[in-house]
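Chain residues, written in single-letter form:
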Amino acid sequence: QVELVESGGGLVKPGGSLRLSCAASGTDINIYTTSWYRQAPGKQRELVAAITHADGSTDYADSVKGRFTISSDNAKNVVYLQMDSLEPEDTAVYYCHAYVAYGGPQNYWGQGTQVTVSS
């Protein structure tokens, strides 16, 4: 029902910035929460940031607080992740996730976009 497509990943130097986008499409889109996860090789997937669309509230992992900002353009069904002051430890595949509560809980994942922070 919901398709998520991430974009904006790439190679950036330490201290640099990058903005990821997650575009949602489908029928009867009513996403409760959109989140960004990341997974580095050999590490467990972790939640990076989340936004609840009803009130615009946000949540961040401690490791990215003050550096990353999640935002949403609800009219366009696009969620962004602005990443500033990037560190090599931020290198990972970043995935967009959507949680839909109506009609029973459902989870949707994007294909992922690679972010590499290296000098």
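Residues numbered from 1 in each chain as written. Predicted model: local features only at pLDDT ≥ 70, side-chain atom pairs only at ≥ 80, totals over all residues. Heavy atoms only, no water.

(A) Geometry of the packing of aromatic side chains. Scanning the entire structure with this criterion turns up two aromatic pairs. For the ring pair Tyr32 and Tyr99, a centre distance of 6.3 Å and an interplane angle of 80 degrees mean the geometry is edge-to-face. On the criterion of sequence distance, the pair formed by Tyr32 in the loop between β3 (18-26) and β4 (33-39) and Tyr99 in strand β9 (residues 92-100) is long-range, its members being 67 residues apart. We classify Tyr32 as partly exposed; its relative accessible area is 44%. On the accessibility criterion, Tyr99 (27% relative accessible area) is partly exposed. Ring centres of Tyr37 and Trp109 lie 5.0 Å apart, and the angle between their planes is 55 degrees; on these two criteria the pair is classed as tilted. (Phe/Tyr/Trp six-rings, centres within 6.5 Å; stacked < 30°, edge-to-face > 60°. Helix = DSSP H or I, 4+ residues; strand = E, 2+ residues; numbered from the N terminus. Buried < 20%, exposed > 50% of the residue type's maximum accessible area, 1.4 Å probe, protein only.)

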